[in-house]
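# Coordinates in review
In case you want the letters, here they are:
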Amino acid sequence: MKIVRLLLGLLVPPVGVFLTVGVGPTLLINILLTLLGWLPGSIHAVWVIAKHEEEMNKERRIS
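Residues numbered from 1 in each chain as written. Predicted model: local features only at pLDDT ≥ 70, side-chain atom pairs only at ≥ 80, totals over all residues. Heavy atoms only, no water.

## Points about the packing of helix 1 (residues 2-11) against helix 2 (residues 13-21)
Threshold: Axis definition: a line fit to C-alpha positions, over the contact stretch in the case of helices; interaxial angles, taken between N-to-C directions, run 0 to 180 degrees. Strands are runs of DSSP state E lasting at least 2 residues, helices are runs of H or I lasting at least 4, and numbering of each runs from the N terminus. Note on contacts: a residue pair is in contact if any heavy atoms of the two residues lie within 4.5 Å. For this classification, the nonpolar set comprises Ala, Val, Leu, Ile, Met, Phe, Trp, Tyr, Cys and Pro, the charged set comprises Asp, Glu, Lys and Arg, and every other residue, Gly included, is treated as polar.
Direction vectors running N to C along helix 1 and helix 2 enclose 145°, while the axes themselves pass 5 Å from each other. Across the interface between the two elements, Arg-5, Leu-8, Gly-9, Leu-10 and Leu-11 of helix 1 pack against Pro-13, Val-15, Gly-16, Leu-19 and Thr-20 of helix 2. Partitioned by chemical class, the residues of the contact of helix 1 with helix 2 number 6 nonpolar, 3 polar and 1 charged.

What follows is the structure, encoded as structure tokens:
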């Protein structure tokens, strides 16, 4: 599933962010960045997806 989210984050950034964190301020920021240009939205999406995966792995290690 992570690879699908990363691909969507590159191709359609808001969709990748939505699938990762849902509706919230992060999605709104990504939509605004994507409206400013595809590249800023894609960079933000990949960053959000990577950070989310990092946090999930950290929680698994602690538990």
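Here the narrative resumes, following the displayed structure.
## Some details on the UniProt feature "transmembrane region" (unreviewed entry) in the protein
Using the following cut-off: UniProt positions are given in the numbering used here, feature names are shortened, and annotations may be inferred rather than shown by experiment.
UniProt records the feature "transmembrane region" (unreviewed entry) at residues 27-50, using the numbering of this structure. Taken end to end, residues 27-50 is 96% helix and 0% strand, and its two terminal C-alpha atoms sit 15 Å from one another.

## Quick word on the packing of helix 1 against helix 4 (residues 38-62)
Convention followed: Orientation categories follow fixed angle ranges, with anything under 35 degrees roughly parallel, anything over 145 roughly antiparallel, 65 to 115 roughly perpendicular, and all other angles oblique.
Running from amino to carboxyl end, helix 1 crosses helix 4 at an angle of 160°, the nearest separation of the two axes being 7 Å. Taken together, the axes of helix 1 and helix 4 are roughly antiparallel relative to one another. Contacts from Lys-2, Arg-5, Leu-6, Gly-9, Leu-10 and Leu-11 in helix 1 reach Trp-38, Ser-42, Ala-45, Val-46, Ile-49, His-52 and Glu-53 in helix 4. Of the residues assigned to the contact of helix 1 with helix 4, the class counts are 7 nonpolar, 3 polar and 3 charged.

## Describing the pattern of salt bridges
What counts, and what does not: For salt bridges, the criterion is a side-chain nitrogen of Lys or Arg within 4 Å of an Asp or Glu carboxyl oxygen. Burial classes: relative accessible area under 20% of the type maximum marks a residue as buried, over 50% as exposed, and values in between as partly exposed (1.4 Å probe, protein chains only).
Using the criterion set out here, one finds 3 salt bridges in the structure. Measuring nitrogen to oxygen at the nearest pair gives 2.5 Å for the salt bridge that ties Arg-5 to Glu-53. Residue Arg-5 is located in helix 1, and its partner Glu-53 is located in helix 4; the two are separated by 48 residues in the primary sequence. Pair check on accessibility: Arg-5 and Glu-53 agree, each one buried. The residue Lys-51 makes a salt bridge to Glu-54 at a minimum N-O spacing of 3.7 Å. In this pair, Lys-51 and Glu-54 both sit in helix 4, 3 residues apart, roughly one turn of the helix. Relative accessible area serves as the criterion here: at 38%, Glu-54 is assigned to the partly exposed category.

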